[in-house]
Amino acid sequence: MKQDFIKKLRDRESQGNLRRLTTPTKSLVDFVSNDYLGLSRSRTLFDKINNYSYEGITHLNGSAGSRLLAGNTSHAETLERKLAKIFRAEACLLFNSGYVANLALISSLPQRQDTIIYDSLAHVCIKEGAKLSSAKSYSFRHNDPEDLEKKIKNSQGQVYIVIESVYSMDGDMACFDELLAVAKKHDAQLLVDEAHGTGLYGEQGNGLVCHLGIEDQFIGRVYTFGKAMGVHGACIAGSQELIDYLTNFARSFIYTTALPIHSIFAIDAAFDYLDEHIHLQQAIQDKISFFNQYYQETIGNKDRCYKPESLTPIQPLIVPGNQTVKQLSDILLQEGFDVRAILSPTVPVGSERLRICLHQHNTTTEIRAMVDLLSSHL
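Residues numbered from 1 in each chain as written. Predicted model: local features only at pLDDT ≥ 70, side-chain atom pairs only at ≥ 80, totals over all residues. Heavy atoms only, no water.

### Details of the overall build of the protein
- Helix and strand counts for the protein come out as 14 helices and twelve strands.
- Taken over C-alpha atoms, the radius of gyration comes to 21 Å for the protein, in line with the 21 Å a tight globule of 378 residues would show.
- Across its three principal directions, the C-alpha atoms of the protein cover 55 × 55 × 50 Å.
- Expressed as a percentage of the 378 residues in the protein, the buried residues total 53%.
- Taking contacts inside the protein between residues at least 6 apart in sequence as the whole, the part at least 24 apart equals 71%.
- Accessible area of the protein: about 18,000 Å², with a carbon and sulfur share of 50%.
- The positive charge centre, built from 38 side chains, and the negative charge centre, built from 44, are 7 Å apart in the protein. (Helix = DSSP H or I, 4+ residues; strand = E, 2+ residues; numbered from the N terminus. Rg over C-alpha atoms; globule rule 2.2 N^0.38 Å. Buried < 20%, exposed > 50% of the residue type's maximum accessible area, 1.4 Å probe, protein only. Contact = heavy atoms within 4.5 Å. Areas by Shrake-Rupley, 256 points an atom, 1.4 Å probe, with all protein chains shown as cover. Lys, Arg positive; Asp, Glu negative; His and termini not counted. Charge placed at Lys NZ, Arg CZ, Asp CG, Glu CD.)

Here is the structure:
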């Protein structure tokens, strides 16, 4: 067995896609994190979280168990009621991460006789949730309602369609109108992952589907707090019946140690902070507009690379070839810009890319300098 996994590592290294952990350097300009609104670096939010009172709370360092055993608190239940109001849902259920929440929802809700159909560019946790389910599962071509309908016609039982509001690698949004029409036509149930929409859109950061007023079209919605909200954790929003079902049948909820009280307070404080600083949503949109305009003026269309249109903070620059895109990332890193390469097999061969993430704290000077450096090497 030892030789087997060593060979796999050597094969990956020879292909130029061996993953290694790196420690972020503070001096680098951040164009890599998911901290789109800068909340994770906010000293004001940090102080707000630590000013909560821990008086009378017995477990300060950890929750000491799952929610169904020792890990439940009145603070968690109060936060869930608050989140339900924010997300315009009957109820919410907290999870330790968006990954775990998607596993819970997708693996437990569809039954053996049902079918899961997910967007081909959905996050791996959605695909793994489908694998863990006893239902049949298929992918449909990204944002392609015709392919979705074709897959539905070959499905069985209740159909569950799983999409994301904002896609993490291409930075584009779901084509909601067309997908909702197909789902309605075939009486399919819709699930949506708002990982990259939470905080960026909607009142109090309640996400893209609430911003569009279509939240009642989805039987379950996953919201993640470790990206634009700047903290950690996640929740599923839906009907009270859905939340009761997940509490009884979602294994990644039942058998997981609950979030510690500090995380509960952090989530609570982050939504209050964003509500008080909602102008940050417009600030990041201004940076996105500036980047797109300056990129087009400076680089535009080139044979060596391709930048798909994106109106979100995620700005992919397709530079085919693991070695080629890694070399470009290394040049940027050496010049002080933290822009990471996304390699195959994380993305399909030929679509290797720089995943440029914009933040409201990136200055126009930094954006210009980064684009100028790219231009000189493309």
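Right, picking up where we left off after that structure.
### Here's the deal with the sheet that holds strand β3 (residues 115-119)
- Strand order in the open sheet formed by seven strands is β2-β8-β7-β6-β5-β3-β4, and the pairing between neighbours is mixed. The strands lining the two open edges of the sheet, one partner per strand, are β2 (91-95) and β4 (136-140). On average, each strand axis in the sheet is inclined to that of its neighbour by 20 degrees, with strand direction left out of account.
- Sheet strands in contact with helix α9 (residues 240-249) are β2, β7 (220-224) and β8 (234-238), and its direction is about 130 degrees off that of β8. (Pairing = 2+ DSSP bridges. Axes fitted to C-alpha atoms, helices over the stretch in contact; angles between N-to-C directions.)

### Things to note about the packing of aromatic side chains
- For the structure on display, the rule yields eleven aromatic pairs.
- A ring pair is formed by F31 and F337, whose centres lie 6.3 Å apart and whose planes are at 45 degrees; its orientation type is tilted. Placement of F31 in the loop between β1 (29-30) and α2 (43-50) and of F337 in strand β10 (residues 337-338) is noted, with a sequence separation of 306 residues between them.
- Assessed through its relative accessible area of 0%, F31 is described here as buried.
- With centroids separated by 6.4 Å and ring planes inclined at 90 degrees, the aromatic side chains of F176 and F218 adopt a geometry described as edge-to-face. (Phe/Tyr/Trp six-rings, centres within 6.5 Å; stacked < 30°, edge-to-face > 60°.)

### Section: the sheet that holds strand β9 (residues 314-318)
- The antiparallel open sheet is built from three strands, whose spatial order is β9-β12-β11. Every interior strand has two partners, whereas the edge strands, β9 and β11 (340-342), have only one. Neighbour-to-neighbour, the strand axes of this sheet turn through a mean angle of 35 degrees, independent of strand direction.
- Here β11 pairs with strand β12 (residues 353-357) via three bridges, running antiparallel. In the sheet register, I342 faces β12, and the bridge partner there is R353.

### Things to note about helix α7 (residues 176-185)
- Of the residues making up α7, those classed as buried are F176, L179, L180, V182 and A183. Seen from one end, α7 has its buried residues packed into an arc of 160 degrees, which puts them on one side. Residues of α7 that are exposed and angled more than 90 degrees away from the buried face: D177, K184 and K185.
- Its buried side turned inward, α7 meets β4, α6 (145-153), β5 (159-164), β6 (189-193) and α8 (208-212).
- Backbone geometry just downstream of α7 places D187 in the positive-phi region, at approximately 55 degrees. (Arc of directions from axis to C-beta.)

### With respect to the pattern of salt bridges
- Throughout the structure, instances matching the rule amount to 17 salt bridges.
- We note a salt bridge from D11 to K7, for which the minimum N-O separation is 2.9 Å. Of the two residues, D11 and K7 are both situated in helix α1 (residues 2-14); the distance of four residues between them amounts to about one turn of the helix.
- Under the relative-accessibility criterion, K7 is labelled exposed at 51%.
- The residue K151 makes a salt bridge to D147 at a minimum N-O spacing of 3.3 Å. On the criterion of helical spacing, the pair formed by K151 and D147 is a turn pair, its members being four residues apart in helix α6.
- The exposure class assigned to K151 is partly exposed, which follows from its relative accessible area of 26%.
- Three or more residues joined by partner-sharing salt bridges are found here, namely R141, D144, D147 and K151. (Salt bridge = Lys/Arg side-chain N within 4 Å of Asp/Glu carboxyl O.)

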